[in-house]
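What the coordinates show
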Amino acid sequence: MPANVYWSDKNGVTLGCSKKVLDFLGLQSLDQYRGITYLDLPNLVNMDQDVARSYFDDEQAVMNNDEAIVAKEEPVVRSSNGRYIHYLSDRIPIKNNAGEVTGVIGISQDVTELKNTQNSLEDALQKSEIAVETHRTIFQNIKHHWITAISNVLVPIRMLKMDHQDNAGSVEMIELSEEAVEQLRKHIKDIMDLVESGEGIPSIKSEPFNLKQIAKNVYKICLLYTSPSPRDLST
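We now turn to the structure provided with this report. Nothing here was measured: the structure is a model prediction, and the numbers come from that model. (Residues numbered from 1 in each chain as written. Predicted model: local features only at pLDDT ≥ 70, side-chain atom pairs only at ≥ 80, totals over all residues. Heavy atoms only, no water.)

Attention now goes to the environment of Pro93. Structurally, the position occupied by Pro93 is in strand E6 (residues 87-95). Of the residues examined, Pro93 reaches a relative accessible area of 17% and is grouped as buried. C-alpha of Pro93 to C-alpha of Glu67: the two residues are 26 residues apart in sequence and 6.8 Å apart in space. Every residue in contact with Pro93, bar those within four places of it in the chain, is listed here: Val62, Asp66, Glu67, Ala68, Val101 and Gly103. (Helix = DSSP H or I, 4+ residues; strand = E, 2+ residues; numbered from the N terminus. Buried < 20%, exposed > 50% of the residue type's maximum accessible area, 1.4 Å probe, protein only. Contact = heavy atoms within 4.5 Å.)

Here is the structure:
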């Protein structure tokens, strides 16, 4: 029989059990098990008093309430060979022909492997949640720094525009640069928002651009920083 089976009379005195119970307790014969209560077990085998009390109280509750206890997860116990075991137990009242409760029969199934698997999955899930939260925090920091860095580029550009208000050609060039930076900031924010949402990055539409002209514009902007006086950058 794969499960531990055991039964007691209405006074909680043990009447019999399966061999697996004897093996678990480290008893050699059924005679060693009969005629005791759960409260006697700590004196006979290596069992914690609190565990024995839990077994005894559950048995008494089944008889007093005439109601079964089903699929109860027992306290972890140590078998006679030193192995720690998780049991899932049912305790059912035994009745005579008159319907009177005369005892209790218990069935305990070893679910240690299942419990260990459950614990491993819970640990893995917890670690996964921590990793996801850590990555999210790192990504949000990166996003913040990128957007901040690009936004900071706008500060000197706008200061230059104020300094060159009297030069229409320069203002036009500066405004083009300002718009380009704004667009860059928007695109980077949109991409990072998509990545953060988990929706992925949509297909990117390719558009041709003149790298030589971009470099020329950047050069002209740089001249504004070194020029002692406003210059016309439209040429």
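All right, on to the sheet that holds E6 then. With respect to topology, five strands assemble into an open sheet ordered E2-E1-E7-E6-E3, the strand pairing being antiparallel. On the outer flanks of this sheet lie strand E2 (14-17) and strand E3 (69-73), each paired with one strand and no other. Averaged over neighbouring strand pairs, the angle between their axes works out to 20° when direction is ignored. Note that E6 and strand E7 (residues 101-110) share nine bridges and pair antiparallel. Looking across to E7, one finds that Ile92 is bridged to Ile105. On top of the sheet, helix H4 (residues 49-65) reaches strand E1 (4-9), E3, E6 and E7; it is set at about 35° to E6, its chief contact. (Pairing = 2+ DSSP bridges. Axes fitted to C-alpha atoms, helices over the stretch in contact; angles between N-to-C directions.)

Now for the packing of helix H5 (residues 112-163) against helix H6 (residues 168-197). Here H5 crosses H6 at 170°, and the two axes come no closer than 10 Å. It follows from the interaxial angle that H5 and H6 lie roughly antiparallel. Here the contact of H5 with H6 is built from residues that sort into 16 nonpolar, three polar and 10 charged. (Parallel < 35°, antiparallel > 145°, perpendicular 65-115°, else oblique. Nonpolar A, V, L, I, M, F, W, Y, C, P; charged D, E, K, R; others polar.)

Let us look at the pairing of E1. Counting buried residues in E1 gives five out of six residues, a clear majority hidden from the surface. Judged from the six bridges that link them, E1 and E7 form a sheet pairing that is antiparallel. For Asp9, the partnering residue across the bridge sits in E7 and is Gly103. Bridge analysis of E1 against E2 gives three bridges, and the strand direction is antiparallel. If you follow Tyr6 over to E2, its bridge partner there is Cys17.

Turning next to the pattern of salt bridges. Scanning the entire structure with this criterion turns up nine salt bridges. Between Asp58 and Lys72 there is a salt bridge; the shortest N-O distance is 2.5 Å. One end of the pair, Asp58, is in helix H4; the other, Lys72, is in strand E3, with 14 residues separating them in the sequence. On the accessibility criterion, Asp58 (11% relative accessible area) is buried. The class for Lys72 is partly exposed, based on a relative accessible area of 25%. Among the ionic pairs, Glu74 bridges to Arg91, the shortest N-O distance being 2.7 Å. Residue Glu74 is found in the loop between E3 and strand E4 (77-78), and its partner Arg91 is found in strand E6; the two are separated by 17 residues along the sequence. Pair check on accessibility: Glu74 and Arg91 agree, each one buried. Where salt bridges share partners, they join Asp58, Lys72, Glu74 and Arg91 into one cluster. (Salt bridge = Lys/Arg side-chain N within 4 Å of Asp/Glu carboxyl O.)

This paragraph deals with the nonpolar core. Within the largest apolar cluster, 20 residues are counted, with the highest numbers of intra-cluster contacts made by Phe24, Leu25, Tyr33, Tyr38, Leu41, Met47 and Val77. Going through the elements one at a time, helix H1 (19-25) and H4 are the ones with two or more residues in this core. If we skip the residues at most four places from it in the chain, Leu41 touches Leu25, Ile36 and Met47. (Core = buried A, V, L, I, M, F, W, Y, C linked by side-chain atoms within 4.5 Å.)

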